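Structure assessment
Read off the chains here:
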Amino acid sequence: MIRQPKGRTPRRLPPKKPSSNQKDPVGVYCRVRPLGAEDEECCIEVISSSTLQLHSPEGFKTNRNGEFKETQYSFKKVFGVSVSQLELFEHVAKPLVDDLIHGKNGLLFTYGVTGSGKTFTMTGSPGQGGLLPRCLDMIFSSIGHCQAKRYVFKTDDKNGLEVQSEVDALLERQRRENNLPAPKTTSSRQKPDPDISDMIKPEEAYKADGVDEDSSYSVFVSYIEIYNNYIYDLLEETQEDVIKPKWNGGGTPIRQNTEFMPPQSKILREDQNHNMYVSGCMEVEVKSGEEAFQVFWRGQKRRKVANTCLNRESSRSHSVFIIKLAQAPLDADGDNVLQDKSQMAVSQLCLVDLAGSERTGRTGAEGTRIREAGNINQSLLNLRICIEILRENQMCGTNRMVPYRDSKVTHLFKNYFDGEGKVKMVICVNPKADDYEETLLVMRFAEMTQEVEVARPVDRPICGFAPGRRHRNQAFQEELSRQLIERGGPSDRDIASGINHLLHDLPPLPSCELTDPHDDVTLPRMIEALQNRYKIRLQKIEEYNKAARMMKSMLQAVDADRVARNDFTREQNCKLVEKDKIIQRSKVEIERLEKITKTQEQKIDILQKTTKIYEEDKRSMQQELETRDQRLHKELSDKRRMEQRMHGVVTDTQHKWQKECDRRVNEKQQEMQNKLWVKDEKLKQLKAIVTESKTPGRPDPPPRQTRPRRPIRDEGIPTIRSASPSPLPTETPVRPLHRRSRSTGGEKWVDHKPSSSMDLGTVLQPVIPNAIQVSSPTEKTLSKCDRYVLTHQELASDGEIKTKLIKGDVIRTRGGGQAVQFTDIETLKQGLTSLPSLKRKSSEGKPANGDQSDGAWTDVETRCSVAAEMRAGSNMGPGYGRHGITKRRKP
């Protein structure tokens with residue numbers, strides 16, 4: 001079955017309230033409790049009237065490695081251990097009571113760690129009354145002579161009040177006293193409780209200024225507690241009554257008489273003005289401060305209190321004492337209360353004693369106490385979260401929803417933070433070292449709370465009647481009584497004597513006894529006497545009315561004069577008030593400018609000191625810089641002189657060694673040439689002898705004439721050889737016919753011609769078919785070919801350029817690269833036919849001493865043993881760095 005959704009009743013729009021753009025921050029005050037006799041170390045020091053400093057205990061520094069240092073916190077005012085309850089009341093609660101009498105709401109709550117003195121601050125002790133009894137005493141001292149009679153203001157059980165006439169109020173009082181069980185309010189005639197006697201001394205009483213005496217006032221009080229996030233009424237009489245036995249149909253009781261009715265929790269509702277209130281909470285009308293405090297003390301005895309390790313009487317709930325003040329203007333005559341509900345103003349002051357935050361490990365709580373402590377800490381955490389979000393919305397311009405409904409404490413006081421009244425908080429702290437960590441958290445929360453701003457409540461509109469109505473009515477009644485007394489008439493203090501005097505002025509009545517039924521004289525005589533009395537009464541009434549009119553005109557003239565004077569006085573007072581406001585604003589501005597001036601002066605002093613330090617550092621650094629510059633210039637000049645000196649020494653040494661080297665080289669060359677010439681001569685002689693021994697039949701040839709030695713070109717320059725150890729080539733004579741290279745074949749060749757090779761312009765050039773010509777062989781090129789040839793040029797001993805073709809096979813290596821194994825060398829040489837060869841021909845035979853150096857290099861096996869390997873990824877060809885032409889050095 002699907003239920004149809006029910007249509008919701010449209011919510012009534014809130015009444016338009018006059019907006020106030022002015023905001024006031026939450027007033028946060030701090031009170032320091034005296035240190036106990038058993039405590040030795042103190043962690044709080046009051047520096048000034050608005051600043052205190054926290055010192056971390058010695059043991060705490062050891063455990064935390066000095067993490068926390070000395071921190072300072074500033075509040076609106078800080079009260080030390082020597083501050084009395086009266087001084088605290090003057091600065092904190094007295095302005096709230098003034099606002100209450102002038103129709104504005106207020107909220108005052110105490111906050112702190114368990115055992116920090118919150119309940120003492122709020123309640124006090126005999127002879128040292130706290131904030132609550134002093135507020136009650138100031139309220140009734142201010143409005144005592146303007147109070148309305150009991151039950152003229154009547155609650156409607158919807159957080160509202162109604163006004164009724166004095167006759168209806170008298171009937172209501174009789175009905176409640178006769179039919180309903182009236183609340184057991186303590187009368188002032190009864191003996192007061194010794195625990196609350198003499199809470200306030202008579203000389204400490206305060207009275208508010210500017211009380212509207214043309215209004216009637218009535219005070220209602222209620223007292224609730226929030227225990228485990230449930231609301232209970234501490235003034236409800238039925239929560240301790242014995243349950244009466246209930247009977248079923250069979251005549252047997254359902255429950256025994258020994259059971260007690262558990263306390264019934266209350267719920268929060270919203271009235272027509274969207275203000276939160278406790279539904280079903282009992283509101284008691286009180287007429288004096290003593291009576292109101294007796295009602296409070298009766299509820300205080302029912303509050304949840306338990307003994308813990310930290311506090312003998314630890315509050316296990318949050319208590320809220322609500323003082324509601326109703327005021328309505330008098331009518332035009334100043335005699336009765338105006339029967340107009342729209343002209344009635346209701347204001348209330350909430351005094352909240354929050355339970356202290358605690359740690360179960362320190363309190364030694366078990367069972368129910370752990371649950372109580374958890375609920376207390378959770379409600380305080382919700383209060384902190386709401387304050388943080390309010391602060392964030394105001395400072396950052398965000399619009400986050402404030403979770404008021406998460407806790408009954410925040411939900412009940414939601415309207416105050418939305419601008420329904422002033423909010424003040426008293427932070428109570430215990431200076432002992434054991435509470436340092438909890439006190440530090442409380443200080444941070446308090447410092448954050450005073451950054452929250454609450455809209456300033458607007459003043460209520462003033463009634464349009466002329467002021468001074470109550471005084472005029474009292475003056476009229478007194479004057480009327482005086483004139484009646486002068487004329488012998490009755491007065492209010494002696495009504496019986498006035499009636500007797502009036503009866504004596506009237507003519508006496510004749511005898512009314514009838515003896516005969518036919519008597520016609522007695523009754524007419526009685527009628528005539530009564531008629532005479534009636535005429536005299538009318539005359540008296542006329543005289544009275546005439547005198548009253550005259551008196552009224554006189555009073556009106558006096559009243560008009562008094563009203564004019566009052567208007568003038570009020571106008572002057574308004575001007576004075578405006579002047580005072582201007583003066584106050586000027587004083588505030590002057591104080592602010594003085595603070596700014598002091599701050600700027602301090603900054604200027606600091607900057608001057610810093611400037612002096614920087615100037616001294618600058619001078620010292622400049623001096624040091626100049627000293628270093630001088631030292632550097634000196635070192636540079638010394639260095640230049642040393643360089644010049646060493647340059648001269650090096651130059652001289654170079655010239656000297658160059659000459660010595662040249663001399664030694666020339667000597668060595670001459671010596672070697674001489675040895676070579678001697679060796680050649682010996683070899684020739686040996687060759688001739690050997691030749692003669694082989695041909696004995698032939699005649700001896702004539703002796704060979706020795707040709708004079710031809711000087712070699714560039715004899716002084718040593719022979720320049722290749723950087724790589726090249727094998728000795730086999731000289732090939734230059735023939736006039738064309739000669740093909742022996743490297744031609746069917747294989748694919750890599751023709752490696754370095755870029756440094758010179759074009760000799762010869763006719764015979766090595767031509768290799770099916771070859772890839774490269775200037776620098778790569779691995780990719782070698783992988784495509786089978787044979788390799790390198791064209792290498794070097795300077796011969798006769799000064800001509802000799803070209804060598806170094807051939808080899810391309811093979812693969814185990815590493816995946818390519819390697820070249822050299823197998824043959826061909827030599828191409830260009831020479832002149834007209835000049836004799838400077839070297840011996842191969843046909844001249846071998847030297848006699850059997851030197852096989854040329855044959856060793858020309859041997860194929862020796863030449864094939866020289867090979868070079870190229871690794872994978874290398875760009876350098878085999879023999880590339882070794883077969884280049886070496887540059888000729890200058891002598």
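Residues numbered from 1 in each chain as written. Predicted model: local features only at pLDDT ≥ 70, side-chain atom pairs only at ≥ 80, totals over all residues. Heavy atoms only, no water.

1. Quick notes on the overall build of the chain
In terms of helices and strands, the chain carries 18 helices and 28 strands. When each of the 891 residues of the chain is scored for burial, the buried share is 34%. If you sum the accessible surface of the chain, you get close to 57900 Å²; carbon and sulfur atoms cover 52% of it. (Helix = DSSP H or I, 4+ residues; strand = E, 2+ residues; numbered from the N terminus. Buried < 20%, exposed > 50% of the residue type's maximum accessible area, 1.4 Å probe, protein only. Areas by Shrake-Rupley, 256 points an atom, 1.4 Å probe, with all protein chains shown as cover.)

2. Quick word on the nonpolar core
If you look at the biggest cluster of nonpolar residues, it comprises 55 residues, and the most contacted ones within it are L52, F75 and F413. Every residue in contact with F413, bar those within four places of it in the chain, is listed here: L107, V320, C350 and V352. Within the second largest apolar cluster, 45 residues are counted, among which are L96, L131, F293 and V295. (Core = buried A, V, L, I, M, F, W, Y, C linked by side-chain atoms within 4.5 Å. Contact = heavy atoms within 4.5 Å.)

3. Some words on helix α12 (residues 436-449)
The end-to-end C-alpha separation of α12 is 20 Å, in line with the 20 Å expected for 14 residues at 1.5 Å each. Among the 14 residues that make up α12, 10 are buried, leaving the element largely enclosed by the rest of the structure. Those residues of α12 lying buried are Y436, E438, T439, L440, V442, M443, F445, A446, M448 and T449. (Expected span 1.5 Å × (residues − 1).)

4. Focus: the packing of helix α9 (residues 368-396) against α12
Taken N-terminus to C-terminus, the directions of α9 and α12 make an angle of 35°; their axes are 10 Å apart at the nearest point. Note that α9 runs across α12; the crossing there is left-handed. Contact with α9, carried on its side by L383, R384, I387, E388 and R391, involves L441, R444, F445, M448 and T449 of α12 and no other residues of that element. When grouped by side-chain class, the residues that make up the contact of α9 with α12 number 5 nonpolar, 1 polar and 4 charged. (Axes fitted to C-alpha atoms, helices over the stretch in contact; angles between N-to-C directions. Left-handed = near helix turned anticlockwise from the far one by under 90°. Nonpolar A, V, L, I, M, F, W, Y, C, P; charged D, E, K, R; others polar.)

5. Focus: a nonpolar patch on the surface
The grouping of Y534, L538 and I541 at the surface amounts to a nonpolar patch, some 260 Å² of accessible area in total. By secondary structure assignment, the location of I541 is in helix α15 (residues 522-694). (Patch = residues over 30% accessible without salt bridge, like charges linked within 9 Å, V, L, I, M, F, W, Y side chains within 5 Å. Salt bridge = Lys/Arg side-chain N within 4 Å of Asp/Glu carboxyl O.)

6. Quick look at the packing of aromatic side chains
Scanning all chains against the criterion turns up 10 aromatic pairs. One aromatic cluster in this structure is built from Y223, F293, F296, W297 and F321. Between K304 and the ring centre of Y227, over which it is positioned, the NZ or CZ distance is 5.2 Å. (Phe/Tyr/Trp six-rings, centres within 6.5 Å; stacked < 30°, edge-to-face > 60°. Lys NZ or Arg CZ within 6 Å of the ring centre and 35° of its normal.)

7. A few points about the pairing of strand β27 (residues 818-829)
Of the pairings in the sheet, the one linking strand β26 (residues 801-812) to β27 comprises 11 bridges and is antiparallel in character. If you follow I811 over to β27, its bridge partner there is A819. (Pairing = 2+ DSSP bridges.)

8. Description of helix α5 (residues 131-143)
Its 13 residues give α5 an end-to-end C-alpha distance of 19 Å, which sits within 8% of 18 Å, the value for a rise of 1.5 Å per residue. With respect to burial, α5 is a largely interior element, 11 of its 13 residues being buried.

9. Observations concerning the sheet that holds strand β4 (residues 51-54)
Judged by pairing direction, the sheet is antiparallel, and its 3 strands sit side by side in the order β3-β4-β5 without closing on themselves. Of all the strands in the sheet, the pair left with one neighbour each is β3 (44-46) and β5 (71-74). Taken over all neighbouring pairs, the strand axes of this sheet differ in orientation by 25° on average, direction set aside. The sheet contact formed by β4 and β5 spans 4 bridges and is antiparallel.

10. Quick word on the pattern of salt bridges
Where charged atoms of side chains with opposite charge meet at close range, the side chains can pair. Scanning the model with the defined rule gives 31 salt bridges in all. Notably, a salt bridge pairs D353 with R303, separated by 3.1 Å at the nearest N-O pair. Pair noted here: D353 is in strand β20 (residues 345-353) and R303 is in the loop between α7 (289-300) and β17 (305-306), with a separation of 50 residues, a long-range link. Here D353 and R303 have matching classes, each one buried. Across the pair E451 and R391 runs a salt bridge whose closest N-O atoms are separated by 2.3 Å. On the criterion of sequence distance, the pair formed by E451 in the loop between α12 and β22 (453-455) and R391 in helix α9 is long-range, its members being 60 residues apart. Through salt bridges with shared partners, a single ionic network connects E660, R663, R664 and E667.

Keep in mind these values describe shape, not function.
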